[in-house]
Structures are given as C-alpha cells and as structure tokens.
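If you want the building blocks of each chain, they are given just below.
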Amino acid sequence: MHFTDTRPSEPSQIVRHTLGYPRIGAHRELKTALEAYWRGDSSQQELLATGRQIRQQNWQAQQEAGLNMVTTGDFAWYDQVLTMSATLGHLPTRHRSQRSDDGDDIDLDTLFRVARGRAPSGEPAVAAEMTKWFDTNYHYLVPELASGQTFALSWTQIIDETREAVAAGYTAKPVIIGPLTYLWIGKSQQSGFDKLSLLSDLLPVYKQLLQALVDAGADWVQIDEPILTLDLPGVWHKAFEQTYHALRTVPAKLLLSTYFGALDENLNTAVNLPVAGLHIDVVRAPQQLITVLDNLPVHQVLSVGIVDGRNIWRNDLEKSRDLLRRAYDRLGARLWLAPSCSLLHCPVDLREETALDRDLLGWLAFARQKLDELTFISSLLTAPDSGRARQWLQESRDSVLARRQSSLIHRPSVQQAVRDINATDFQRHSPFADRIRKQQAHLSLPPLPTTTIGSFPQTQEIRKARRQFKQGELGVEAYEQHMQDHIADAIQRQEVLGLDVLVHGEAERNDMVEYFGEQLDGYASTRNGWVQSYGSRCVKPPIIFGDVQRPAPMTVKWARYAQSLSKKPVKGMLTGPVTMLQWAFVRDDQPREKTALQIALALREEVRDLEAAGINVIQIDEPALREGLPLRRQAHAHYLEWAVNAFRLSAAGVSDTTQIHTHMCYSEFNDIMPAIAALDADVITIETARSNGDLIQAFEDFDYPAQIGPGVYDIHSPNVPEVDAIKAMLRRMARKLPIQHLWVNPDCGLKTRGWPETEAALQQMVAAATQLRREMGLAAG
Ligand code: GLN
Ligand code: ZN
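Residues numbered from 1 in each chain as written. Chains lettered and ligands numbered in written order. Predicted model: local features only at pLDDT ≥ 70, side-chain atom pairs only at ≥ 80, totals over all residues. Heavy atoms only, no water.

Q: Help me understand the overall build of the protein chain in this model?
A: Regarding its fold elements, the protein chain presents 27 helices and 23 strands. On C-alpha atoms alone, the protein chain measures out to a radius of gyration of 27 Å, which is about the 28 Å that the 2.2 N^0.38 rule sets for 781 residues. Counting only C-alpha atoms and orienting by the principal axes, one finds that the protein chain spans roughly 80 × 65 × 50 Å. Sorting the 781 residues of the protein chain into buried and exposed places 60% on the buried side. Accessible surface computed for the protein chain: about 30400 Å², of which carbon and sulfur atoms make up 48%. With 82 positive and 95 negative side-chain charges, the protein chain shows a separation of 1 Å between the mean positions of the two kinds. (Helix = DSSP H or I, 4+ residues; strand = E, 2+ residues; numbered from the N terminus. Rg over C-alpha atoms; globule rule 2.2 N^0.38 Å. Buried < 20%, exposed > 50% of the residue type's maximum accessible area, 1.4 Å probe, protein only. Areas by Shrake-Rupley, 256 points an atom, 1.4 Å probe, with all protein chains shown as cover. Lys, Arg positive; Asp, Glu negative; His and termini not counted. Charge placed at Lys NZ, Arg CZ, Asp CG, Glu CD.)

Q: Please explain the packing of aromatic side chains as it appears in this structure.
A: Any aromatic ring pair is given by two values, namely how distant the centres are and how the planes are angled relative to each other. Evaluation of the coordinates by the stated rule reveals 18 aromatic pairs. Considering the side-chain rings of Trp38 and Tyr78, the 6.0 Å spacing of their centres and the 40 degrees angle between planes classify their relative orientation as tilted. Of this pair, Trp38 sits in helix 1 (residues 29–39) while Tyr78 is found in the loop between strand 2 (70–72) and helix 3 (80–87), placing the two residues 40 residues apart along the sequence. Summarising the burial analysis for this pair, Trp38 and Tyr78 share the class buried. Three or more aromatic residues joined by ring pairs make a cluster, and in this case those are Trp133, Phe134, Tyr140, Tyr259 and Phe260. Its end group placed over the ring of Trp530, Arg28 keeps NZ or CZ at 3.6 Å from the ring centre. Looking at Arg403, its charged tip hangs above the ring of Trp313, at a distance of 4.0 Å from the centre. (Phe/Tyr/Trp six-rings, centres within 6.5 Å; stacked < 30°, edge-to-face > 60°. Lys NZ or Arg CZ within 6 Å of the ring centre and 35° of its normal.)

Q: Any chance you could explain the packing of helix 15 (residues 412–419) against helix 22 (residues 592–612) here in plain terms?
A: Packed helices, taken two at a time, are described by the angle their axes make and the gap between the axes. Here helix 15 crosses helix 22 at 95 degrees, and the two axes come no closer than 10 Å. With respect to helix 22, the axis of helix 15 lies roughly perpendicular. Of helix 22, the residues touching helix 15 (which contributes Val414, Ala417 and Val418) are Leu597, Gln598 and Leu601. Class assignment of the residues belonging to the contact of helix 15 with helix 22 gives a composition of 5 nonpolar, 1 polar and no charged. (Axes fitted to C-alpha atoms, helices over the stretch in contact; angles between N-to-C directions. Parallel < 35°, antiparallel > 145°, perpendicular 65-115°, else oblique. Contact = heavy atoms within 4.5 Å. Nonpolar A, V, L, I, M, F, W, Y, C, P; charged D, E, K, R; others polar.)

Q: Teacher, can you tell me more about the site of ligand 1 here?
A: Close to ligand 1 lie Ile453, Gly454, Ser455, Glu506, Met512, Met573, Asp621, Pro623, His663, Cys665, Cys748 and Gly749. Measuring from a nitrogen atom of ligand 1, one finds a side-chain N or O atom of Glu506 at 2.9 Å. Side-chain polar atom of His663 to an oxygen atom of ligand 1: 3.1 Å apart, as the coordinates give it. Coverage of ligand 1 by the protein amounts to 92% of the 300 Å² it exposes when considered alone. Its residues assigned to classes, the shell around ligand 1 comprises 6 nonpolar, 4 polar and 2 charged. (Near = heavy atom within 4 Å. Polar contact = N/O pair within 3.5 Å; in protein donor to acceptor, adjacent residues only side chain to side chain.)

Q: In this structure, what is going on with the nonpolar core? I would like to understand it.
A: It is characteristic of soluble globular proteins that their nonpolar side chains tend to be buried jointly. Judged by nonpolar contacts, the single largest core of 108 residues is most densely connected at Leu625, Ile660, Ile676, Phe699 and Tyr704. Each residue touching Ile660, except ones within four places of it in the same chain, is listed here: Arg428, Val607, Ile618, Ile620, Phe647, Ala651, Val654, Ala681, Asp682 and Val683. (Core = buried A, V, L, I, M, F, W, Y, C linked by side-chain atoms within 4.5 Å.)

Q: Which parts of the structure should I look at to understand the coordination of the zinc ion (ligand 2)?
A: The reference angle at a metal is 109.5 degrees if four donors form a tetrahedron and 90 or 180 degrees if six donors form an octahedron. Of the protein atoms, only His663 (NE2), Cys665 (SG) and Cys748 (SG) coordinate the zinc ion (ligand 2), at distances of 2.1 to 2.3 Å. Around the zinc ion (ligand 2), the 4 donor atoms are arranged such that angles at the metal cover 92 to 126 degrees; this shape is classified as tetrahedral. Counting residues between consecutive donors of the zinc ion (ligand 2) along the chain gives the motif H-x1-C-x82-C. Of the two residues examined, His663 and Cys665, each falls in the buried class. (Donors = N, O, S within 2.8 Å, 3.2 Å for Na, K, Ca; no water. Tetrahedral: all angles 85-135°; square planar, octahedral: opposite > 155°, others 65-115°.)

Q: How should I be thinking about helix 27 (residues 755–775) in this particular structure?
A: Every α-helix carries 3.6 residues per turn, so stepping three or four residues along brings you back to the same face. Look at helix 27: 30 Å from first C-alpha to last across 21 residues, which is about the 30 Å you get at 1.5 Å a residue. Among the residues making up helix 27, those that are buried are Trp755, Thr758, Ala761, Leu762, Met765, Val766, Ala768, Ala769, Leu772 and Arg773. Buried residues of helix 27 fall within an arc of 155 degrees about the axis and therefore sit on the same side. Turned more than 90 degrees from where helix 27 packs its buried face, Pro756, Gln763 and Arg774 sit exposed. If you follow the buried residues of helix 27, they end up packed against helix 18 (476–497) and helix 26 (723–736). Gly777 sits one or two residues past helix 27 and shows a positive phi near 65 degrees. (Expected span 1.5 Å × (residues − 1). Arc of directions from axis to C-beta.)

Q: Is there a simple way to think about the pairing of strand 12 (residues 335–339) in this case?
A: Side chains on a regular strand alternate between the two faces of the sheet. Where burial is concerned, most of strand 12 is hidden: 5 out of the 5 residues are buried. Pairing of strand 1 (residues 15–16) with strand 12, which is carried by 2 bridges, proceeds in the parallel orientation. Across the sheet, Val15 pairs through a bridge with Trp336, a residue of strand 12. Here 5 bridges tie strand 11 (residues 301–307) to strand 12, and the two strands are oriented parallel to one another. Within the sheet, the bridge partner assigned to Val304 lies in strand 12 and is Leu337. Between the parallel pair strand 11 and strand 12, the chain is carried across by helix 11 (residues 317–331), and the sense of this crossover is right-handed. (Pairing = 2+ DSSP bridges. Right-handed = clockwise from strand over helix to strand, strands pointing away.)

Q: Would you take a moment to explain the pattern of salt bridges for this structure?
A: Note on pairing: side chains with opposite charge can pair once their charged atoms come close. This structure, assessed with the given rule, holds 47 salt bridges. Here Arg397 ties to Glu318 by a salt bridge, and the two come within 2.8 Å at their closest N and O atoms. You can see Arg397 sitting in helix 14 (residues 387–405) and its partner Glu318 sitting in helix 11, a full 79 residues away along the chain. Residue class for Arg397 comes out partly exposed when judged on its relative accessible area of 34%. Taking the shortest distance from any N to any O, the salt bridge between Arg321 and Asp322 comes out at 3.1 Å. Here the residues in one salt-bridge network are Glu318, Arg321, Asp322, Arg325 and Arg397, joined through shared partners. (Salt bridge = Lys/Arg side-chain N within 4 Å of Asp/Glu carboxyl O.)

Q: Would you explain the sheet that holds strand 8 (residues 220–224) in this entry?
A: Backbone-to-backbone hydrogen bonds pair the strands of a sheet. The strands run either parallel or antiparallel. Across the sheet, 8 strands lie side by side as 1-12-11-10-9-8-6-2; this open sheet has parallel pairing. Two strands in the sheet have a free side with no partner beyond their single neighbour: strand 1 and strand 2. Where helix 11 meets the sheet, it contacts strand 11 and strand 12, and its direction lies at approximately 175 degrees from that of strand 11.

Q: Can you walk me through empty space enclosed by the protein in this structure?
A: If a probe as big as a water molecule is rolled over the atoms, it shows which places are left empty. One pass over the full model with this rule turns up 7 cavities of 30 Å³ or more. Estimates place the volume of the second largest cavity at around 70 Å³. What lines the second largest cavity is simply Leu82, Ser85, His90, Leu91, Pro92, Val114, Ala128, Leu141, Val142, Pro143, Glu144 and Tyr182. Class assignment of the residues belonging to the lining of the second largest cavity gives a composition of 9 nonpolar, 2 polar and 1 charged. (1 Å grid on protein atoms, 1.4 Å probe; cavity = no way out; pocket = protein on both sides within 12 Å on 5 of 7 lines; lining within 4 Å. Points joined across faces, edges and corners; volume = space filled by probe spheres on them.)

Q: Is there a simple way to think about the side chain of Thr50 in this case?
A: Note on placement: Thr50 falls in helix 2 (residues 44–64). Here Thr50 falls in the buried class, since its relative accessible area comes to 16%. If we ignore the near neighbours within four places in the chain, the residues touching Thr50 are Glu29 and Ala33.

Structure follows, in structure tokens:
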C-alpha cells in the first residue's frame, strides 16, 4: 500500500482527500450489525468486526481512487458528535454505568444508552435529544451543556482508528469536531448559561487529543468548524482567535474545515487563525474562492471543496477546472482538492444502481465516484494534455451536453405551465373568515372536532402485501383488494371510535415522499441509494432529475373508496411541495424554487381531482418547511417567500367549501410564524406534546389567524394517555386560543404504532373531547 507523499515536491500533483466518507457500508452493513447487536442476536465482537471491515473498505476505496491520505475519525457507531462527546468525557451522567466510579466508565453501550435510552447492558435512561446537523437531514445527538461540567479525554476511538489505519500502511488524516462548533451545537441546560464559559476547560482536552493523534501517526488533523459559515456573534470571533492560538502549541498540522456555505464576514477571522490549512466550500459558495485566495496567508494550504458532497450530480469537470485555474496558478502545491463537505450525505456507490435509466446513470456520481472526480479534476489542472485528462474532459462534456438537451429532463409543456402561473393562482377565492363559515355549514363538524394525522399502524401484513406487489408476487388486482381491505378496516375502527374527520390510513405508502416520487415524472428512485439519517436509520431520497409532471392521479382512488364507506368526511392526504423537494436529491440545473413550482402544479391537479371526487377535506403535509430555512438570516426571506408560494399554489385551486389542512412536526416554529400563517391553510395540526406547550405560546403570541390542532399526545410513546391529562392540555390551550378554532388530534402520524395502543389512545382522546364539549357547554353538531 504505497501512498505518495502528502506534500508533493513539485506542483505536478494536487493533494486530494475527503472530509469524510459514508460509514453505513455499501449495503448498510452497519445498520444490520447494529440492530442485530441491539436485539441481542449478535455479540459485541461481531459488531466491532463489521465496523473494522467497513473502515478497511472505505480506506481502500480512497486509496484506489488515488487520494493522498485516508480519513479516520469519520466512522461512528451512532453519530460523530456523540463520538466527540465521548472523547471529551462529556456524556450525561444518567447514561454512565454505575459499576465504575473512577471516571473511566464509558463503553460502547454507554454510547448507545445516550443515543437510544437503552443498550444490551446498563440501566435505561432518557435518551439525549437529537437534532438536525445544520441544514442536512442527518441528525446528531445534542451535547448537554451546563456550568461546572468537566472534560477529560475518555474514549479513544478516533485515536485507535487512526492507529489502525497507520498500521495498515495508510497515511491517515483524522477528523475531529472543533471546540467552537462543539459548543455552538450543544444545548444549555440552564437558561442564561454562557456556553463559551466552558471553553477554557475544554481546550486542555483538545490539546491532549491532538497530541495523541500525532502520537498515533497523524501528520495533518482536520478540525471541523462549520459554524464559520453562520451568522456569528462577535464574542465567538474572539473565541476563535483565543482557541486556535491556544492550540498552536500542539505539533499537529491543523486543517480548519468549513462547509455548507460562504465564510463571508467570518473570513477575516478564519484566515487569520494560526493553522496550517483551511478548507472552504466552493460548491455552495463559488464566489468566495477569489476573496479567500486574496487573503490566504502565504504559508497556508487551501483545500477547495469542489465536488458536491450534498448532492448526487456528476461534476462538470470543465467548469471545475475553469474555477480552479487561478487558485492552482497562485498556490501550486498549496492547493488541495476535496468534496465540499463530508460524503456522509451521499449514497455510497453508483455501481449498485443496476436498474436506473442509462441516461440518468450517466449524470450521477455517488460517494465512490466523487473520489474519482477529484483525480480527474487534478489531472485537468496538472496535466491537461495527457491522454487521460483529455478523455475525462471529453466524457464530462458529453455528459453535460446530454443532460442539457435530454428529453427526459426538459418538458416544454411543464415549463409553459410554470410561465402561465399568475398571481390569482396563489389565492383562495375568499379570505379565511368567509371560507370557514362555508366549510362549517358544509361539513357540520362539532366544536373541538377530532381527527388524526393520516397514517395508521403499518402492520406486518401491510408491509408484506406491498413487498409482494413490488416483487411481482402479487398481481395488481389482488394488491388493490388487500389495500381496500385495510382501508375498510381503518374506516370501521374510526367509526367505532367516533372520530369526526376520518383518514384512509396510508397503507399503500412506503414513505410519504417516495410514494409520490414513484408516480411523478421527473422523479427517479434508486435501489440502494441509502444515506444515514441517524444511528442505524437510513433514508433513500428520490432523485428529482427533470421537469416534474403528474401523468395520472396518485391518491384519488384510495380516497374515493374510503369516502364511499362513511358519511363522515374523509381527509385526503398529500405531501406538500416543499417537503417533496427537501427530502429528495434535487436537480442543480435550475433554481430550487422553480422545481418547487413544478411540483406544486402537479399537486394542485391532485388536489382538484380529490375535490372533484367528493373529498371535502384535504391535508397537505409540510413537515420539512422549517428545515429548508437557509443557514444565513439574510437568505431567509427569499426562501420563505417561494416556499409559501409553492404551498399556496398547490392548495389554492379549490372552492371555499373545501377545507385545506396542513401538518408540521418536530421543528422550531417560533421564528417562522408569519410564514406559517401565510400558507393560508384552514387548519394546521402540529406537534406540541414534546415541547411542553412552548409551541402553543408561539401561536398565541403571534395571534394565529386560522384553526389549529395542537397534538394532544406524543405518538412516539406506546403509553396510553389519560383522559384527564388530555383534558387538562386542551383546557390550557383553550385559555390561549379561541375555542372555536381548536381541533383535537395526536401530534403526528400513527404508522409506527400498533393497533391496540392506537385504539386505546384515540378512545381516550375522543372521550376527552366529548367530555370537554359538555363541561364547557359547547353545542355538539
Ligand atoms: N400524513 C403523514 C402521516 O401521518 C405525516 C407524516 C409526518 O408528519 N412526517 O404519517
Ligand atoms: Zn408529523
């Protein structure tokens, strides 16, 4: 295993590396191994062996692709932030094992207890909070910060794995999360607590860690500080200077890495830190390259993130070469190449996709292919006249051209439809106050109407039928009969429960985005394009490659069938345009907002067809609205404007009597209340059970104009809520919100639950609503 020196003596070769590589394995081996271990079906030794194997494969892939060093520290048993917390000896005491009192009490199961609340060994305790990593769909375990906390180098995984790579003959570059990003993404457990006050206790441990990494054989250490692409208060700038001056005594060469956006006003801080190298993202922020070049100190290496780590499109080599030419001329051997961010956010290997359209295949690159692209770009700069460089360039040009002209992508009728959109298409006929009166007359619902969020338990039976249908073992007719039986069953149960607005239960849906993606033109699904969402959980985002259109109705036959079984209104159920975009890999050849409008137009047709089929209540879910919010404040307004417009376009084609619902969950709504109101939905159902009613406060403070169903119980818990608890919650809400605006519903879909607890919980919920109507003297019906 021979690796070229990481610092070529002549600028004939550009150093290439990756900020991180997917850790799930090409076939989700980590998921399988973790779940077997958690179930007790395999030993810890077997789990450790799987991890070792994945790391070896990843390093081998990096070597095969000609990278100059392999990345270590990017492997994690659950999450890289959790690994960092363990390394720093900073895990909640409730998860630590009782058997040891000498501080050295962190083992693999401790990590799992933090992440999942339980592990094969040790006492269960409430899991740590999980939240999204910047604007990605990856979730990390939030460090719990409080005053008086101490840190000590306690978990040597990153060091051990670096040693492991070195022993295998690789040049290893460990990656760690920088101290400031670590503190920034942590959550204070006390109000008013200054997180930066922990810095002075944290830095000695970082020094120790860096020293240990050097001792393990590392020359360079990548230290991730992505918060340098956020709006940072002045004190944090100061803290950066202080921190990196303190760390300069360590013999490691630090590569300070930033990604997910531009440094902008943080640039001065970043380039003046005493580190050996800086990594910047020029995929999200190509414009910053020149400014950084102008400001980079003469001794520093600049690692340029030129291959998109957040998306799956093949690199336009010519464009990359042109962008980088100046940097290469100026920096020579000080220029390094890398993906924009860790490849964690990409599927592993395109070679697994044997069923994708051949043309589409030619436009894509997954993690493994992206490593090769670094080599191609390097050759285009250093040896442009070589046969190989010419060939790569030609292939790239061909692919770019094919994509630009492909009839798979470009549908003139869709583009015309987008151009034809006019201002009235975003508007319901009448304002909310008028609509709601008509809807009330039309639907004749009782006060405090009860409903659910859409999905009902996805039983083994349902999954089996879907699987058999997909594999061709079950014919269309037999499959549809199956689904109808499940719908009939769900309707029957809801009738017995006495719910007011029913749902069909979503039995036919594998996933709320994939289900629609499979039916829309312009979307493709992959076979093995898995990306880690958290721990063992992976998602397979569809690819939006072309103009989106709806060849046929997608949900109408199920909704119509469900409605035919009941006199009560059945709610149609759709996934909104923003969520359809946010949870997919989106084409990069037109602005996202344009793609959103295309999706919205397709959904608008569906909404109208539902209405024509006699569906009077239609819910358009937008759980991803908040998470699409850009990282920088100055970009918020523009995003919210087009996101809200896309929703409105999908919803506004119906008559006043048709009631539009939306649903959102598990996000911070307080800062986007005006946008939520601007969606102009008639009813919003939201999660509140977990946020202790904070959310209700937000809706009250804002004076939310329409109807609202704050979730009255947490669907994540199998516990059946008490009638009194639900009533107390509703009374509290009724003090804050107008009673005639309130709905009664769980806080999210019920697909992960079983029927017994679902029925028991809904029974309590309906009982609570019924009792409250009586006690509060509200007329029913
Ligand atoms: N209608 C969806 C369901 O009930 C909503 C899911 C979600 O909010 N993520 O499952
Ligand atoms: Zn939800």
